[in-house]
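Below, each chain spelled out in residue letters.
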Amino acid sequence: MTTPLVSMHGLSRAFVSSKGMFGESRTMRAVDDVTLGLPAGKVTGVVGESGCGKSTLARLALRLIEATSGSVSFDGVELGGLGPAEMRQIRRRMQMVFQDPYSSLDPRYTIADSLLEPFAIQGLMPVGATRKERVAELLDMVGLAQSTASNFPHQLSGGQRQRVGIARALALKPQFVVLDEPTASLDVSIQAQIIELLERFQQQFGLTYLFISHDLSLVRYFCNQIVVMYLGRIVEVMAAPDARPQHPYSRALLESTFAPDPAKRRIVQPLGGEIPSPFALPPGCAFAARCANVSERCRRERPALADTDAGGRVACHHPNR
Ligand SMILES: Nc1ncnc2c1ncn2[C@@H]1O[C@H](COP(=O)(O)OP(=O)(O)OP(=O)(O)O)[C@@H](O)[C@H]1O
Ligand code: SF4
Ligand SMILES: [Mg+2]
């Protein structure tokens, strides 16, 4: 793997809730002690069930939210130490594409306005005829008709809106792009087109992607390294897309993703058994109640993330080798 463009070290984010049974405040770690490098020019996939902390990890990586502990560096610069002006500068180089382009595009803005917004935010608004040219280039790049410029978001299909979302994210020529379930709300046929587009830009511009998905089979197709999260922690890192998953949870996730309909895939529960409350994790392995390989040791001792022979990492006392 190449040098990481983004490095996370011992990264954690806690949320406090006051909804305990007796009104007491309780703390959960949405992201817990994550150490991970995102290799430059490569695609890192993050998979895991709803609520495991994928979006929180993405927001931390872009410093859209502050970490409770740990650090993130981008191209060797630690983000936590930057002031607002420096942060704004570096933000040009990192962008995000959201799951639902409908909620990320302002309904009152034309598509042209939405495409120009990143320039406005950075104080780089093109002037005169260049403004129209920029919009035209961006529409062309993502395969949208020029007439789309004067449309409003509600006049476009889901796939077209996501193309606008992608054009907007790429407008300032970033190096790092977070894709938070970019195709989860789209039909299968449209999903394939959007993935193809994202793949093309990744290669063309040598982009570094953090690609978040519920769908391990999609991630295996698209990503160079795969991170599996469970209840805020990394349980496995697969160093190659075709690596055999060793953690019992990763295997269950993979087996659950054969349903061809993504709407069904999203709701598939890979395993029975109880998911512990994130507010009261058991002392040992958080997956113990759902695991076929469980032993007494698993209930007692939390497995650390350790290197595997295949060049990945796994947090399990009895991995499937
Ligand atoms: N601002 C917040 N305040 C309180 N709790 C939060 C906040 N943001 C996230 N959480 C909690 O942190 C956990 C992780 O949430 P996150 O959105 O990162 O999960 P996710 O893996 O992206 O889920 P999904 O697949 O549904 O998008 C969840 O239990 C969620 O309820
Ligand atoms: S540590 Fe034990 S309970 Fe946890 S995943 Fe591995 S075998 Fe299963
Ligand atoms: Mg999410």
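Quantities reported herein were computed from a predicted structural model and do not represent experimental measurements.

Asks: Account for the overall build of the protein chain, naming residues and giving values.
Replies: Within the protein chain one finds 11 helices and 12 strands. Projected onto its principal axes, the C-alpha coordinates of the protein chain cover approximately 70 × 45 × 45 Å. Within the span of the protein chain, comprising 321 residues, buried residues form 49% of the whole. For the protein chain, contacts bridging at least 24 residues in sequence account for 65% of all contacts bridging at least 6. One way to put it: in the protein chain the 35 positive side-chain charges average out to a point 2 Å from where the 30 negative ones average out.

Asks: Lay out helix 7 (residues 188–205) with the relevant residues and their values.
Replies: With 18 residues, helix 7 ought to run about 26 Å at 1.5 Å a step, and its terminal C-alpha atoms sit 26 Å apart, in line with that. For helix 7, the full list of buried residues reads Gln191, Ile194, Ile195, Leu197, Leu198, Phe201 and Gln202. The buried residues of helix 7 occupy an angular sector of 160 degrees when the element is viewed end-on, so they sit on one face. Away from its buried face by more than 90 degrees, helix 7 exposes Glu196, Gln203 and Gln204. Phi turns positive, to about 60 degrees, at Gly206, one or two residues after helix 7.

Asks: Can you break down the site of ligand 1 residue by residue, with the values?
Replies: Around ligand 1 lies a shell of 13 residues, among which Ser50, Gly51, Lys54, Ser55 and Thr56 are the nearest. A distance of 2.8 Å separates an oxygen atom of ligand 1 from a polar atom in the backbone of Gly51. Taking Cys52, its main chain carries an N or O atom lying 3.2 Å from an oxygen atom of ligand 1. Burial of ligand 1 by the protein amounts to 62% of the accessible area it has alone, namely 630 Å². Elements with a minimum of two residues in the shell around ligand 1: strand 2 (26–39) and helix 1 (54–61). The leading source of residues in the shell around ligand 1 is helix 1, at 3 residues. The class makeup of the residues in the shell around ligand 1 is 4 nonpolar, 6 polar and 3 charged.

Asks: Which residues make up the site of ligand 2, and what values go with them?
Replies: Residues in contact with ligand 2 amount to 13 residues; listed here are only the nearest, Cys285, Cys291, Cys298, Cys316 and His317. Comparing atom positions with the cavity grids shows ligand 2 to sit within the second largest cavity. When the residues that make up the shell around ligand 2 are grouped by side-chain class, the tally is 9 nonpolar, 4 polar and no charged.

Asks: Account for the environment of Ala192, with residues named and values stated.
Replies: Mapped onto the elements, Ala192 comes out in helix 7. For Ala192, a relative accessible area of 46% corresponds to the partly exposed category. Residues Ala192 and Val237 lie 45 residues apart in sequence; the distance between their C-alpha atoms is 25 Å.

The rules behind each value
- Residues numbered from 1 in each chain as written.
- Chains lettered and ligands numbered in written order.
- Predicted model: local features only at pLDDT ≥ 70, side-chain atom pairs only at ≥ 80, totals over all residues.
- Heavy atoms only, no water.
- Helix = DSSP H or I, 4+ residues; strand = E, 2+ residues; numbered from the N terminus.
- Buried < 20%, exposed > 50% of the residue type's maximum accessible area, 1.4 Å probe, protein only.
- Contact = heavy atoms within 4.5 Å.
- Lys, Arg positive; Asp, Glu negative; His and termini not counted.
- Charge placed at Lys NZ, Arg CZ, Asp CG, Glu CD.
- Expected span 1.5 Å × (residues − 1).
- Arc of directions from axis to C-beta.
- Near = heavy atom within 4 Å.
- Polar contact = N/O pair within 3.5 Å; in protein donor to acceptor, adjacent residues only side chain to side chain.
- Areas by Shrake-Rupley, 256 points an atom, 1.4 Å probe, with all protein chains shown as cover.
- Nonpolar A, V, L, I, M, F, W, Y, C, P; charged D, E, K, R; others polar.
- 1 Å grid on protein atoms, 1.4 Å probe; cavity = no way out; pocket = protein on both sides within 12 Å on 5 of 7 lines; lining within 4 Å.
- Sits in = over half its atoms within 2 Å of the grid points.

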